Amino acid sequence: QMNDTTVTINGTGGSIIATGSNNLLVENGQNDYLTVNGYNNTLDANGSQITAALSGTGNTVSIASGTVSLSDNAGTTINGYADQINIRNTSQVEVDGSVMSLAINGSQDTVTANGSGSSLDVEGSSNLITANGGGDSLSANGNYNDIALNGNGESVYVNGTDNVLMINGQGNTVSLAG
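Residues numbered from 1 in each chain as written. Predicted model: local features only at pLDDT ≥ 70, side-chain atom pairs only at ≥ 80, totals over all residues. Heavy atoms only, no water.

Participant: Whenever I open this one, the overall build of the protein confuses me. Can you help?
Facilitator: Scanning the protein for helices and strands turns up zero helices and 21 strands. A compact globule built from 178 residues should have a C-alpha radius of gyration of about 16 Å, and the protein, at 17 Å, falls within 12% of that. Projecting the C-alpha coordinates of the protein onto the three principal axes gives extents of approximately 45 × 25 × 20 Å. Counting only contacts in the protein whose residues sit at least 6 apart along the sequence, the fraction spanning at least 24 positions is 1%. For the protein, the exposed surface amounts to about 7600 Å²; the carbon and sulfur share of it is 45%. (Helix = DSSP H or I, 4+ residues; strand = E, 2+ residues; numbered from the N terminus. Rg over C-alpha atoms; globule rule 2.2 N^0.38 Å. Contact = heavy atoms within 4.5 Å. Areas by Shrake-Rupley, 256 points an atom, 1.4 Å probe, with all protein chains shown as cover.)

What follows is the structure, encoded as structure tokens:
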């Protein structure tokens, strides 16, 4: 376990497991897999095709064209472009970036997506989802979800019961089922 440490990783095809808190992990390689377990860690993924799995809260990830998977109860801010984000149960997530792909496969998540052109796929119930940006696409299959879209040119499909949908903007397309 490491705490209050800075680690720089250079290389290709590696796998790193970091456990601890208040660490700075700098990833400069390619095709690497990182597992980060702990609190208040910062991951700067400067390389390409990076995959990161995180657990804990207060973590921050900066990544482009990579994949980030969060465990249950994760609390993470993700900054990036064209990333795949996988979110499980009872997580608190802020995503700042455009052309992101979010898979929200769980319940009781709070997700805020800031950026444009993102895709949000919600498969679960009792989630609070906010998308701030234009040209986003959202598909929600589940019950008791609260969804707010704040932007123009949004495309929304919601299937389920007792969902709340609030849309602010122009030129939006809405499809409802269930």
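Participant: Looking at this structure, how should I read the nonpolar core?
Facilitator: Note that soluble globular proteins tend to have their nonpolar side chains buried in a common cluster. One finds Ile 78 and Leu 102 to be the most contacted residues of the largest nonpolar core, which totals 36 residues. Beyond its immediate stretch of four places on either side in the chain, Ile 78 contacts Val 61, Ile 63, Val 68, Leu 70, Ile 85, Val 93, Glu 94, Val 95, Asp 96 and Met 100. (Core = buried A, V, L, I, M, F, W, Y, C linked by side-chain atoms within 4.5 Å. Buried < 20%, exposed > 50% of the residue type's maximum accessible area, 1.4 Å probe, protein only.)

Participant: Is there a simple way to think about the environment of Thr 173 in this case?
Facilitator: Take Thr 173: it is sitting in strand β21 (residues 173-177). The class for Thr 173 is partly exposed, based on a relative accessible area of 47%. Separated by 36 residues in sequence, Thr 173 and Ser 137 have C-alpha atoms that sit 9.5 Å apart.

Participant: Which parts of the structure should I look at to understand the pattern of salt bridges?
Facilitator: Pairing between side chains of opposite charge can happen when their charged atoms approach one another. Counted under the stated rule, the structure contains one salt bridge. With a shortest N-O distance of 3.1 Å, Asp 72 and Arg 88 are connected by a salt bridge. Separated by 16 residues along the polypeptide, Asp 72 in the loop between β9 (67-70) and β10 (75-81) and Arg 88 in the loop between β11 (84-87) and β12 (92-98) bring together distant segments of the chain. The exposure class of Asp 72 is partly exposed, given its relative accessible area of 30%. (Salt bridge = Lys/Arg side-chain N within 4 Å of Asp/Glu carboxyl O.)

Participant: Would you mind going over the sheet that holds strand β17 (residues 137-141) with me for this structure?
Facilitator: The pairing of strands in a sheet comes from backbone hydrogen bonds and takes either a parallel or an antiparallel form. Reading across from one edge, β1-β3-β5-β7-β9-β11-β13-β15-β17-β19-β21 is the order of the 11 strands in this open sheet, with parallel pairing throughout. Pairing within the sheet leaves two strands with one partner each, and these edge strands are β1 (2-3) and β21. Judged from the four bridges that link them, strand β13 (residues 101-104) and strand β15 (residues 119-123) form a sheet pairing that is parallel. In the sheet register, Ala 103 faces β15, and the bridge partner there is Asp 121. (Pairing = 2+ DSSP bridges.)

Participant: Sorry, what's going on with the environment of Ser 155 here?
Facilitator: Along the chain, Ser 155 turns up in strand β19 (residues 155-159). When residues no more than four places from it in sequence are discounted, the contact partners of Ser 155 are Asp 136, Ser 137, Leu 138 and Thr 173.

Participant: Any chance you could explain the pairing of β9 here in plain terms?
Facilitator: For a regular strand, side chains alternate in direction, first toward one face of the sheet and then toward the other. Here β9 shows a buried face lined by Val 68 and Leu 70 and an unburied face lined by Thr 67 and Ser 69. Bridge count for strand β7 (residues 51-55) against β9 is four bridges, and the pairing is parallel. Considered in β9, the bridge of Thr 51 is made with Thr 67. The sheet contact formed by β9 and β11 spans three bridges and is parallel. Of the residues in β11, the one forming a bridge with Ser 69 is Asn 86.

Participant: Looking at this structure, how should I read the sheet that holds strand β2 (residues 6-9)?
Facilitator: Judged by pairing direction, the sheet is parallel, and its 10 strands sit side by side in the order β2-β4-β6-β8-β10-β12-β14-β16-β18-β20 without closing on themselves. The outermost strands of the open sheet, each flanked by one partner alone, are β2 and β20 (164-168). Averaged over all neighbouring strand pairs, the angle between strand axes comes to 10°, with direction disregarded. Here five bridges tie strand β16 (residues 128-132) to strand β18 (residues 146-150), and the two strands are oriented parallel to one another. The residue of β18 that forms the bridge with Thr 130 is Ala 148. (Axes fitted to C-alpha atoms, helices over the stretch in contact; angles between N-to-C directions.)

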